[in-house]
Amino acid sequence: MKSDGLWSNIFRSKRKKESLADILHHIPVFSELTPMELRVLEKVVHMRNYRSDETIFVETEPGAGMYVIQNGRVNVLLNHKSGSPIILAELEKGDFFGEMALLGDSARSATAIAQEPCELIGFFHPDLIEILNLHPRIGAKISLGLARTLAERLRYTSEQLREIWDIRGSQ
Amino acid sequence: MKRIFGEIPGRIIGIAAAVAVIVLLILTVQVLIIPVVGAMFLAYLLDPGVVALQRRGMRRGNAFLVVLGICLTALLVASILLPGPLAPEAANGLNKRVPDRISNDLERFEKWKDSHLRILANVDLGGSVKTRLFDFAGRIATELPGLAATFTVDILLIPLIAFFLVRDGRSLRRKMLNMVPNTYFEMTVSMFYRIDQQIGGYLRGRLIECVLSGLVQLALMVITQALFRIPQPNMVLISTVSGILNFIPYVGPIFGGIFGTVLYFGTEGLPATSIWALYGVIAVTHLIDNLVIAPAVLSHNVDLHPLTVVLALVIGGEVFGVLGLLIAIPVAASIKVIAQEVYANYQVQVR
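Residues numbered from 1 in each chain as written. Chains lettered and ligands numbered in written order. Predicted model: local features only at pLDDT ≥ 70, side-chain atom pairs only at ≥ 80, totals over all residues.

**Re the overall build of chain B**
Next, step 1: When helices and strands are counted, chain B shows 11 helices and zero strands.
Next, step 2: Each helix and strand of chain B, ordered N terminal to C terminal, gives the series α-α-α-α-α-α-α-α-α-α-α.
Next, step 3: Expressed as a percentage of the 351 residues in chain B, the buried residues total 25%.
Next, step 4: The long-range fraction of contacts in chain B, counting pairs at least 24 apart against all pairs at least 6 apart in sequence, stands at 71%. (Helix = DSSP H or I, 4+ residues; strand = E, 2+ residues; numbered from the N terminus. Buried ≥ 20, exposed ≤ 12 C-beta atoms within 10 Å, placed from the backbone. Contact = placed C-beta atoms within 7 Å.)

The structure is reproduced here in structure tokens:
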């Protein structure tokens, strides 16, 4: 038991770093990056901790970038005329949100609230610009990943819209 | 969303407190202002070169040293190849002829005043101006050794601080961001980025503008001498100083004119047309700068209203002297960005 503790102490920091790279590697925006390139990204991202029920960002607020959930759960809400917000998505470890703001000055399209104490990895527009300046190859891969993700979201939204129209048409 | 309404005064108070602390810190440690501001200028100016070398795999600190080395070597080579900025006889002239010429001109003015403005006949205007001028010159001469020592220390400190700013600036900024509470975090990230972009763009744009306006002035002085046969001595020195002083918006060219005038007063046998021609050259250079150079190189880096620029210069000059004139615009631009970010966030919360 004692030796386990010793080993876990020796490798603790390394494991922590690897897990951050692992999480980022599973995000479609960063999936094309090599382990070496993920190390560069690790140095740029911001680690943030949120309390339960704490607002991460608010709908219509100017957005700065995206978040990846390292630990915890986040609800994405949309304000409704009725006053009670609609839950758009319940996100958990390994999910990401807010990626549209990576493209630049755009207002948040929804509100994100931590459902429980959360550890988030923040990657923001200035970070993307810095990577594009200093590591154009990595920047290009991330931009391509971002374009792919946004295209996927657009395709999904179009399908949803078509379904709504189909339902309305059948009524 | 109601909870956030309660946070608005808190946010504004928080930001105001942070700004107050920074201003207080700057005022307390005034000795460090010149080297720190100078280092920031240097770091911003050399950043494109540093980034270019960094892309080739060089470490940020080493890249800065290489770029700084190249710049210093270029300056050294230029100072060796270009004609001596101030010939010894001209320096002598500054010591002897400037006071003589000022005395003569003031005496001539007194005679003219006594014959044309009888109402002021009993007022010794010339004597009073002369006393004040020589007092001022005496004070400068007394303080010169101290100023020279401070200047030398600053010159040595600036590259040293700039090196650490360039090498560790990004990690320092990350550490500062880590300390920002979640509520202000995204706003601060955007604010840092926009301030960085605005100041960097402004300083680099102004540097290009200064170099180009200095070159235009030199070309015009050469043309004046060659085509109109009006002597323009020390043209390299005057153009260089005018180019550097052009960094100060609006009043920079006037300072350049004053410098040229003092230098021309010190040159023996120079016709008055030389000084008038110099004023003409400065005016045309300023015109070309405003109409052609500045719009091309500055674009919308710092989009400040002219009245804001003038007010910033007056306040900067009043509080920090010449240094205040140099840093007034970047500081005003930073305050504008901070205000814009806070206001944008406030608007969102109120909506």
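**Considering the overall build of chain A**
Next, step 1: When helices and strands are tallied, chain A shows four helices and 10 strands.
Next, step 2: Starting at the N terminus and walking to the C terminus, you meet the elements of chain A as α-α-β-β-β-β-β-β-β-β-β-β-α-α.
Next, step 3: Within the span of chain A, comprising 171 residues, buried residues form 27% of the whole.
Next, step 4: Within chain A, counting contacts between residues at least 6 apart in sequence, those at least 24 apart form 71% of the total.

**A closer look at the packing of helix 3 (residues 33-55) of chain B against helix 4 (residues 60-81) of chain B**
Residues and elements named next belong to chain B.
Next, step 1: Closest axis-to-axis distance for the helix 3/helix 4 pair is 8 Å, and the angle between their directions is 125°. Taken together, helix 3 and helix 4 sit at an angle that is classed as oblique. The element helix 3 and its partner helix 4 pack so that their crossing is right-handed. On helix 4, the residues touching Leu46, Gly49, Val50, Leu53 and Gln54 of helix 3 are Arg60, Ala63, Phe64, Val66, Val67 and Leu68.
Next, step 2: Across the contact of helix 3 with helix 4, the residue classes tally to eight nonpolar, two polar and one charged. (Axes fitted to C-alpha atoms, helices over the stretch in contact; angles between N-to-C directions. Parallel < 35°, antiparallel > 145°, perpendicular 65-115°, else oblique. Left-handed = near helix turned anticlockwise from the far one by under 90°. Nonpolar A, V, L, I, M, F, W, Y, C, P; charged D, E, K, R; others polar.)

**Considerations on the interface of chain A and chain B**
Many analyses report the size of an interface as the accessible area lost when the parts associate.
Next, step 1: Contact with chain A, which involves 15 residues of that partner, is made by 15 residues of chain B.
Next, step 2: Put simply, the parts of the chain that give the side of chain A that touches chain B at least two residues each are strand 1 (46-50), strand 3 (62-63) and helix 3 (125-134) of chain A.
Next, step 3: Among the residues forming the side of chain A that touches chain B, the class breakdown is eight nonpolar, four polar and three charged.

**Considering helix 7 (residues 182-228) of chain B**
Residue and element names in this part refer to chain B.
Next, step 1: Across its 47 residues, helix 7 extends 67 Å between first and last C-alpha, which sits within 8% of the 69 Å expected from 1.5 Å per residue.
Next, step 2: Within helix 7, the axis deviates most sharply at Thr188, by approximately 25°.
Next, step 3: Phi for Arg229, located one or two positions after helix 7, is positive at around 55°. (Expected span 1.5 Å × (residues − 1). Bend = angle between axes of the 7 residues up to and from the residue.)

**Concerning the nonpolar core**
Next, step 1: Judged by nonpolar contacts, the single largest core of 35 residues is most densely connected at Tyr67(A), Val74(A) and Phe97(A).
Next, step 2: Listing elements by their share of this core, those giving two or more residues are strand 2 (55-57), strand 4 (65-71), strand 5 (74-78), strand 7 (96-97), strand 9 (111-114), strand 10 (118-124), helix 3 and helix 4 (136-170) of chain A.
Next, step 3: Grouped together as the second largest cluster of nonpolar side chains are 32 residues, Val67(B), Tyr184(B), Leu313(B) and Val337(B) included. (Core = buried A, V, L, I, M, F, W, Y, C linked by C-beta atoms within 7 Å.)

**Here's the deal with the sheet that holds strand 10 of chain A**
All names here are of chain A.
Next, step 1: Pairing within the open sheet is antiparallel, and its four strands lie in the order 1-10-4-7. What marks the edges here is a single partner per strand, and that holds for strand 1 and strand 7.
Next, step 2: With five bridges joining them, strand 1 and strand 10 adopt antiparallel strand pairing. Across the sheet, the residue bridging to Tyr50 is Cys118, located in strand 10. (Pairing = 2+ DSSP bridges.)

**Section: the confidence of the model for chain A**
Next, step 1: Here chain A averages 85 in pLDDT, and 88% of its residues register 70 or above.
Next, step 2: Residue range residues 1-15 of chain A is modelled with pLDDT below 50. Its contacts to residues more than four positions away, or to other chains, number zero contacts. (pLDDT = per-residue confidence, 0-100.)

**Regarding the environment of Gly98(A)**
Residues and elements named next belong to chain A.
Next, step 1: Among the secondary structure elements, Gly98 is positioned in the loop between strand 7 and strand 8 (106-107).
Next, step 2: Between the C-alpha atoms of Gly98 and Arg108, which are 10 residues apart in sequence, the distance is 7.5 Å.
Next, step 3: In this structure, Gly98 is in contact with Phe57, Gly63, Gly65, Met66, Tyr67 and Ala112, ignoring residues within four places of it in sequence.

**Examining helix 4 of chain B**
All names here are of chain B.
Next, step 1: Over its 22 residues, helix 4 extends 32 Å from the first C-alpha to the last, a length consistent with the 32 Å expected when each residue adds 1.5 Å.
Next, step 2: Inspection of helix 4 places Ala63, Phe64 and Val67 among the buried residues, and these make up the whole buried set. Buried positions in helix 4, seen along its axis, are confined to an arc of 105° and lie on one side of it. Projecting away from the buried face of helix 4 at angles above 90 degrees are the exposed residues Gly69, Leu72, Thr73, Leu76, Val77, Ser79 and Ile80.
Next, step 3: On its buried face, helix 4 sits against helix 3 and helix 6 (125-179). (Arc of directions from axis to C-beta.)

**Brief notes about the sheet that holds strand 6 (residues 86-91) of chain A**
Residue and element names in this part refer to chain A.
Next, step 1: Sheet architecture is open: four strands sit in the order 2-9-5-6, paired in antiparallel fashion. A single partner strand is all that each edge strand has here, and the edge strands are strand 2 and strand 6. In this sheet, adjacent strand axes meet at a mean angle of 30° when their direction is disregarded.

**Some points on the pairing of strand 9 of chain A**
Residue and element names in this part refer to chain A.
Next, step 1: In the sheet, strand 2 pairs with strand 9 via two bridges, with the strands oriented antiparallel. Bridge pairing in strand 9 links Phe57 to Ala112.
Next, step 2: The pairing of strand 5 with strand 9 spans four bridges and is classified as antiparallel. Directly across from Asn75, in strand 9, lies its bridge partner Ile113.

**Points about the pairing of strand 4 of chain A**
Residue and element names in this part refer to chain A.
Next, step 1: Most of strand 4 sits out of view: five of its seven residues are buried.
Next, step 2: Both strand 4 and strand 7 contribute to a ladder of two bridges, which runs antiparallel. Across the sheet, residue Tyr67 finds its bridge partner in strand 7, namely Phe97.

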